[in-house]
Structures are given as structure tokens and as C-alpha cells.
Amino acid sequence: MRVGLVTDSCCDLPREFLDQHQIVILPITIQGSDGQFIDHRDPVATRSFYRRQAAAGTSDFESKPFSVEQIRELFMTRLILEFDSVFCLTVMQSRSQIFNHCNQAARRILTEYRPIREAANLSKPFAVRVFDSANIFCGQGLIVAETARLISEQASRSTITHHINRLSQSVQSFLMPADLGQLRHQARRKGDKSVGFLSYAFGSALDIKPVIRGYRGETSPVARIHGFHTGVEKLFAMAENQIEQGLVAQTICVSYGGDPHIISDMPAYQQLQRACAHAKVQLLLCEMSTTAGVNIGAGGLAIAFAAETEAMLN
């Protein structure tokens, strides 16, 4: 059986990994003051976007995911012919309409695909399952990476489904902005008062960074750390501690709002790299999705791992 994997461009994974596993991306359109950017998870274009954003400072952005009809068209013209079964994993549904759009499209696809496959002499029925990753960015990326691994190992659909459901309840992602300006600006535009003026001014003056966790379909602030580099060290140390305690999946994902070499050159990342290599844990580093960037600004960092218990920042 030919099994395909689809996700949206909120998913933080290296382009090489996406290409290696033939993961199909549902792009998201970002509309900003300097024009339109379509996020296909292209590393060069994404880094250019972050450079422009860093130069422009705080900006208004609107994101627009694929519509129900666009998703349906992608499947009906291509995916129902390339695959016999497709797993579709989206960013958490509380933060985006992508999950709902995919579900609506899937219902239509399953009632319309037969004549097209029969005309192509494909007798097997077609199947598509849509999953809410219950996480964001590199947390979503971890679940997609694990699903890709199981598909490459020719695991059964029931095994893959079980693992996805388990990971959606155990993956924890932690996101930290480098500058609070864009985070506060976007929060005010959306009526989110969680980043108020006083906390913004206080945090900016003292270089205090909030850490936001994605876990089981919700995002919430879980810590405040003095200094970006200190925060990076604490996040990576927390991941090392989780490796020692044991992981649900042998994958850790890291993403950065800019050139990932800035992170890979950090001693704290290199130490995490050594810990992963020793424990045979796959460590994936990539550019942060532009959807994340428009909300927290350039230079932010995120990390995700899967653990049985909730991780704590020291």
C-alpha cells in the first residue's frame, strides 16, 4: 500500500527531511505590510522573510491557510492517484482553522474519489485520516517526523494511528521570543491581553523572556527567564534531562526564527547534540515557520520532545 503524509507549513522540520520522506505541505499565505509571502517551507525564502521582518520591526500580519476547496483539489488532482492512504496532521485546532478545513475536505474527497481512481485503473479504495497534532510548530514537526519514520518502516495503519494519538498527548513544545515587541503587537491586534503593556515594558527593560508551552491542544506561558541565551541554555538542559529520564519518542525538534547555524554554533546546542547522539535520539534543527515568526518575531527559538510527565524549567 502506498501511504502518504500531509501537513501544513506550520510544521517545523528541515526541508531535507520533508523531501526525503516525500511529505506534502499545505502552504499558508502570510500577508504583511511589505506584501505577500507564501510559506512552502523553503529554507532560503524563510530566512529572507526573517531578515526583512527583523529590519522592519513590529508589523501587522495576517495568515491565510489553504481553503477547503484548495485542499480538495490537491487530493483529487494528485494525492488520490499517488497514494492509497494518506495521514494528514495539522497544527493544533485551537490556533488555526486548518484542521477543520482538512476534515471538511476529507469528507468530500471520500465521496468523490472513486471515478478518478477507476479511470486510472486503481482498484483499491482510498483512505484519508485527519489528525489534530494538539501542538504547534516543532511540536507538530515531531509528530510528523515520527509518523514519517513509521511509514518508512511500513508499519500498519493501526500502529501509526496509535502512535499519533499517544504523541498528541505527550509532546511538549516550548517557545521563547527574542524580542517581546512583535508578540505584544500581534496579541493586541487579536484582543489577547496575556501580554499587557506593563509586563511588556517590564520584560523589555529587564530582558525577561516568557516561555510559552504547547501541550495537549493548549498554549500557555509557563516561565519567565532573564536573557535569551540563558533561556536557550535552560531549554536545552531541560531536554537533556528528559533524555535521561526517558522519552516517548526518540526524536527532539528545534526551530529558530532565522538562520539555524546561529543555534548550531551555540555550545548549549552542541552539548544537546552530544547527549542525543549518545542516547540514539534523532535531533532535527530547522527554520521556524513563518506563522510562528509573525506572532513572536524574528529570532525566537522553540524545542519539542515527547515525555510521559510534564517537564519543568529550572
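Along each chain, residues carry numbers from 1 onward, in the same order as the chain's sequence is written. Only residues with pLDDT of 70 or above have their local features reported here, since the model is predicted, and side-chain atom pairs are shown and tallied only from 80 upward, although totals for entire chains, interfaces and linings are computed over all residues. Think of the side-chain values as coming from all heavy atoms in the structure, minus any hydrogens and water.

We now examine the overall build of the chain. Numbering of helices and strands starts at the N terminus; helices are DSSP runs of H or I of at least 4 residues and strands are runs of E of at least 2. The number of helices and strands found in the chain is 13 helices and 13 strands. Exposure is judged per residue with a 1.4 Å probe applied to protein chains only, and the accessible area is read against the type maximum: over 50% gives exposed, under 20% gives buried, and values in between give partly exposed. Split into buried and exposed, the 314 residues of the chain put 55% on the buried side. Working note: accessible area of the chain is about 14,100 Å², and carbon and sulfur atoms make up 50% of it. Accessibility throughout is a Shrake-Rupley quantity obtained with a 1.4 Å probe, and a residue counts as covered only by protein chains that appear here.

Here the focus is the side chain of Ser-289. For Ser-289, the position within the fold is in the loop between strand S12 (282-287) and helix H13 (290-296). In contact with Ser-289, other than residues within four places in its own chain, are Ser-9, Cys-10, Asp-12, Asp-39, Arg-41, Tyr-50 and Phe-137. Whether two residues touch is decided by their heavy atoms; if any such pair falls within 4.5 Å, the residues are in contact.

As a further point, take the sheet that holds strand S2 (residues 24-26). DSSP calls a pair of strands paired once it identifies at least 2 bridges connecting them. The parallel open sheet is built from 4 strands, whose spatial order is S2-S1-S6-S7. Strand pairing shows two members of the sheet lacking a second neighbour, S2 and strand S7 (127-132), which therefore form its edges. Strand-to-strand twist of the sheet, defined as the mean angle between neighbouring strand axes without regard to direction, takes the value 20°. Of the strand pairs in this sheet, strand S6 (residues 85-90) and S7 are connected by 6 bridges, and their pairing is parallel. Bridged to Val-86 within S7 is Val-128. Each axis is a line fitted through C-alpha atoms, and for a helix only the stretch in contact is used; angles between axes span 0 to 180 degrees, taken between their N-to-C directions.

Time to look at helix H10 (residues 228-245). Helix span, as expected, comes to 1.5 Å for every residue beyond the first. The terminal C-alpha atoms of H10 lie 26 Å apart, and with 18 residues this matches the ideal 26 Å at 1.5 Å per residue to within 8%. Among the residues of H10, those classed as buried are Phe-228, Gly-231, Val-232, Leu-235, Phe-236, Met-238, Ala-239, Glu-240, Gln-242 and Ile-243. At the exit of H10 stands Gly-246, carrying a positive phi of roughly 110°.

Of all 6 residues in strand S11 (residues 251-256), 6 are buried; the element is thus mostly enclosed. Going residue by residue along S11, you find Thr-251, Cys-253 and Ser-255 tucked away on one face and Ile-252, Val-254 and Tyr-256 tucked away on the opposite face as well. Two strands pair when backbone bridges link them, and S11 and S12 are joined in this way by 6 bridges, in the parallel orientation. Considered in S12, the bridge of Ile-252 is made with Leu-283. Both S11 and strand S13 (residues 301-306) contribute to a ladder of 4 bridges, which runs antiparallel. Residue pairing in the sheet places Cys-253 in a bridge with Ala-304 of S13.

Let us look at the nonpolar core. Membership of the largest hydrophobic core comes to 68 residues, with the highest contact counts inside it found for Leu-13 and Phe-75. In terms of residues, this core owes the most to one element, helix H6 (residues 138-152), which gives 8 residues. For Phe-75, the contacting residues outside a window of four places in its chain are Val-6, Ile-80, Val-86, Ile-109, Phe-126 and Val-128. Among the buried residues, those of types Ala, Val, Leu, Ile, Met, Phe, Trp, Tyr and Cys that are joined through side-chain atoms within 4.5 Å form a nonpolar core. Counting 30 residues, the second largest nonpolar core, distinct from the first, contains Ala-223, Phe-228, Tyr-256 and Cys-276.

Looking now at helix H4 (residues 98-112). Taking 1.5 Å of rise per residue, 15 residues should cover 21 Å, and H4 covers 21 Å from first to last C-alpha, within 8% of that figure. Of the positions making up H4, those classed as buried are Ile-98, Phe-99, His-101, Cys-102, Ala-105, Ala-106 and Ile-109. The buried residues of H4 all sit within an arc of 150° when viewed along its axis, so they share a single face. Exposed residues on H4 whose side chains face more than 90 degrees from its buried face are Arg-107 and Thr-111. Think of the arc as the fan of directions from the helix axis to the C-beta atoms.

Rolled over the atoms, a probe with the dimensions of a water molecule shows which regions are left empty. Quantified by volume, the second largest pocket comes out at close to 150 Å³. A cavity, in this analysis, means grid points on a 1 Å lattice covering only the protein atoms where a 1.4 Å probe fits yet has no way out; a pocket is instead an open set bounded by protein on both sides within 12 Å along at least five of seven lines, and a residue lines either one if it has an atom within 4 Å of a point. Lining of the second largest pocket is provided by Val-3, Gly-4, Leu-5, Gln-20, His-21, Gln-22, Phe-83, Ala-148, Ile-151 and Ser-152. Those elements that place two or more of their residues in the lining of the second largest pocket are strand S1 (3-8) and H6. When residues are grouped by polarity, Ala, Val, Leu, Ile, Met, Phe, Trp, Tyr, Cys and Pro land in nonpolar, Asp, Glu, Lys and Arg in charged, and all others, Gly among them, in polar. Class assignment of the residues belonging to the lining of the second largest pocket gives a composition of 5 nonpolar, 5 polar and no charged. Grid points are joined across faces, edges and corners, and a volume is the space filled by probe spheres set on the points.

This brings us to the sheet that holds strand S5 (residues 61-65). Adjacent strands of a sheet form backbone hydrogen bonds with each other and so pair up, either parallel or antiparallel. Pairing in this open sheet of 3 strands is antiparallel, and the strands run S4-S3-S5 from one edge to the other. Of all the strands in the sheet, the pair left with one neighbour each is strand S4 (35-39) and S5. In this sheet, neighbouring strand axes are inclined to one another by 20° on average, regardless of whether the strands run parallel or antiparallel. As defined by bridge partners, strand S3 (residues 28-32) adjoins S4 across 5 bridges and the pair is classed as antiparallel. Among the inter-strand pairings, Thr-29 is bridged to a residue of S4, identified as Ile-38.

Turning to the packing of aromatic side chains, a few remarks are in order. Centres within 6.5 Å are what make two rings of Phe, Tyr or Trp a pair, Trp counting through its six-membered ring; a difference in plane orientation under 30 degrees is then read as stacked, over 60 as edge-to-face, and the rest as tilted. Per the stated rule, a full pass over the model turns up 7 aromatic pairs. These aromatic residues form a ring-pair network of at least three members: Phe-37, Phe-49 and Tyr-50.

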